[in-house]
Amino acid sequence: MSDTKFKYLSSINVPEDLRKLDVQELKAVCDEVREFLIDCVSRTGGHLGAGLGAVELAVALHYVFNTPYDKLIWDVGHQAYPHKILTGRKERMHTIRQLGGLSGFLKRSESEYDVFGAGHASTAISAALGIAVARDLANQNFKVVAIVGDGSMTGGLAYEAMNNAGILKKDLIVVLNDNQMGSISSKEPRIWSFHHYFTDLLVNPKYNKLKSDVWNLTAKLDNWGDRIRRIAQQMEKGIKAIVTPGMLFEALSFRYFGPINGHNVVKLVETFRQVKDLKGPILIHVITQKGKGYEPAEREATRLHGVTPFDKVTGESIQNSVPLSTYTEIFGRALVEICKQNEKVVGITAAMPDGTGLIYLQNEIPEKFFDVGIAESHAVTFASGMATEGFIPVVAIYSTFLQRAFDQIVHDCAIQKLHVVFVLDRAGLVGQDGPTHHGALDLSYLRCIPNMVIMAPKDEQELRDMLYTAIAYEGGPIAIRYPRGKTLGVGIRKEFKTLEIGRAERLRRGKDVAILAVGNMVANSMKAAELLSEEGIEAEVINMRFVKPLDIDLLKDLASRIGAFVTVEDNSIEGGFGSAVLENLTKAGISNVMVKVHGLPSEFVEHGTIEELHKIMKLDPKGIYEVTKSFLKTVEGESAIHYAKN
Ligand SMILES: Cc1ncc(C[n+]2csc(CCOP(=O)(O)OP(=O)(O)O)c2C)c(N)n1
């Protein structure tokens, strides 16, 4: 780090160094943090806009509070890059989100300043309250501060925590970082309705007329006028207090301060100093701008929310290859086509219209599009309600975020056999976002739910057909899971085709081993089969298509011909597709097959590129080939004997 470019930052290694500065120097520190952040992220990629909006907050919080003794709990963690820069990690920022490097979110094992791990939204107030209660039980006296975005305030968990905090009356500060952008949407990112309430009322003509009527009246009352004006001023304050979000928070027993300009670091310091020692739950409402201080990110907050490496001057991505289309895009466009044919179909997202591809529906048929906020559980119950009225909701949620809605899937949807289509993008390993975001569990958590059908397409054509099939299916809930990223480029047929539920597809004939694969593991397994074939091992490769119900007829046929199966999935092997195969074989009384279940281990996989992680997990073609080969060496039976002889 250059001492001339970063005069202050070069000597700030931990917050203690920051606290030695004069408050008037903090603005310059903020400028340097911002510059450094843009420098780093332009090279590494990662989350940009949210961090830029939270620079002054991070500086002021670490300046006023005695961290790490006092505890800062950041929600989500995507806005915490400035916090990382100030807490001993600036020299490693160039490694962020890379294999072996810093995490893009918060991680307790990474730093004592990361008080609570995160990646998913709306958890900070609950965690902070737990920490405050533990503090009091242990007779300690540190401060606890939760920093939460307005987007995260669309998640019900935040209100559950505030309600509980109001009852427990613990000393706890919540900083509401309100940039009026909660949805990752290039069209309508404003989803926190309480914010509208606040601004609407202050510009409401009735409220303003009442104000001026009272004022005009008092002007006519000579001697009494001044006194009444004073009373009127009090009244106005009262009215404001009643009609601002203060009302909501105060009803929950939080003392409300704000709104405060979140980019005025001196003002923030002043405010934090004032409230620091107050008793009970406090809410400080801070107004910020996403992307603050970097023109491209201010202008295009959604595009520059999370980025690949980019040109600092233009803000444009520096990846120059022409991208193949993504599964997200294929799904988004197919849904629009289907919605045009079937008026009952609607699309639902939980604050991720761009990420899930529902943005196409929002652009083309907005009345069929619903962004419910960061509220996955609500999304599922909301969809279930619509389904009772004969609509066909397509709920598009990332695999990792749908974990939030498990009981809603069970209780509100599956028990009632409601026809809701679940579309799980980012299934499998997602790469740089790491363990909080990998979609490693969906096959396990969906498979155990009665009435559920689960599909995984091998390519983009099959994704379209599966969506069509899911919408035509009337038997209850049905899910499609597919990976992050580019499609195979197989080209797509214009018409949709209905697939037979529970029927697999044989892609390659073989006699030595059957590789049963799901989703994006099918293509890798086909390549593995070619590698095996070069060594004289002939693998039969099956595209399973359905993880539930499984194609049991096919399993029986395979078992009659081949003695060794390898199942391949990018889901945890516990409770996933391989487990399904084992269970179904047992149920069918088939015991003459040796099965190798290959997938993700029962551990949280760290971050890295998808290619790196697949390689490490042996889910790339070479890995699948190696796993199959070494499995065959240990298997007894005809195919193994065949292999051993060769
Ligand atoms: C449970 C969950 N759903 C969705 C997301 C994806 N996500 C990451 S940041 C974000 C927006 C958060 O809004 P806010 O807290 O206001 O932060 P901002 O990005 O506006 O600074 C969303 C929806 C998530 N992290 N967690």
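Above this text is the structure in question.
In this report, the structure presented in the accompanying data block is examined. (Residues numbered from 1 in each chain as written. Predicted model: local features only at pLDDT ≥ 70, side-chain atom pairs only at ≥ 80, totals over all residues.)

Residues Thr67 and Pro68 are joined by a peptide bond in cis, for which omega reads 5 degrees. Relative to the assigned elements, Pro68 resides in the loop between helix H4 (55-64) and strand E2 (71-74). In this model, Lys548 is joined to Pro549 through a cis peptide bond whose omega is -10 degrees. For Pro549, the position within the fold is in the loop between strand E17 (546-548) and helix H23 (552-561). Backbone geometry at Arg97 places phi at a positive 70 degrees, although glycine is not the residue there. Summarising the element assignment, Arg97 is placed in the loop between helix H5 (81-89) and helix H6 (124-137). Since 22 C-beta atoms lie within 10 Å of it, Arg97 is described here as buried. The phi dihedral of Arg426 falls on the positive side, at around 60 degrees, and the residue is not glycine. Locating Arg426 in the fold gives a position in the loop between strand E11 (421-425) and helix H20 (442-447). For Arg426, a count of 28 C-beta atoms within 10 Å gives the class buried. (Helix = DSSP H or I, 4+ residues; strand = E, 2+ residues; numbered from the N terminus. Buried ≥ 20, exposed ≤ 12 C-beta atoms within 10 Å, placed from the backbone.)

Right, let's talk about the pairing of strand E19 (residues 594-600) for a bit. Where strand E18 (residues 564-572) and E19 come together, six bridges link them in parallel fashion. Its bridge partner being in E19, Ser572 is matched across the sheet by Leu600. Read from E18 through helix H24 (residues 577-587) to E19, the crossover connection turns out right-handed. (Pairing = 2+ DSSP bridges. Right-handed = clockwise from strand over helix to strand, strands pointing away.)

Near the ligand there are 24 residues, and of these Ala50, Ala121, Gly149, Gly151 and Ala351 occur at the shortest range. Grouping the constituent residues of the shell around the ligand by class yields 10 nonpolar, nine polar and five charged. Residues lining the shell around the ligand come from more than one domain, with at least three contributed by each of domain 1 (9-188 + 244-307) and domain 2 (327-481). (Near = placed C-beta within 6 Å. Nonpolar A, V, L, I, M, F, W, Y, C, P; charged D, E, K, R; others polar. Domains from an automatic or database assignment.)

By themselves, these are just geometric observations and shouldn't be taken as functional.
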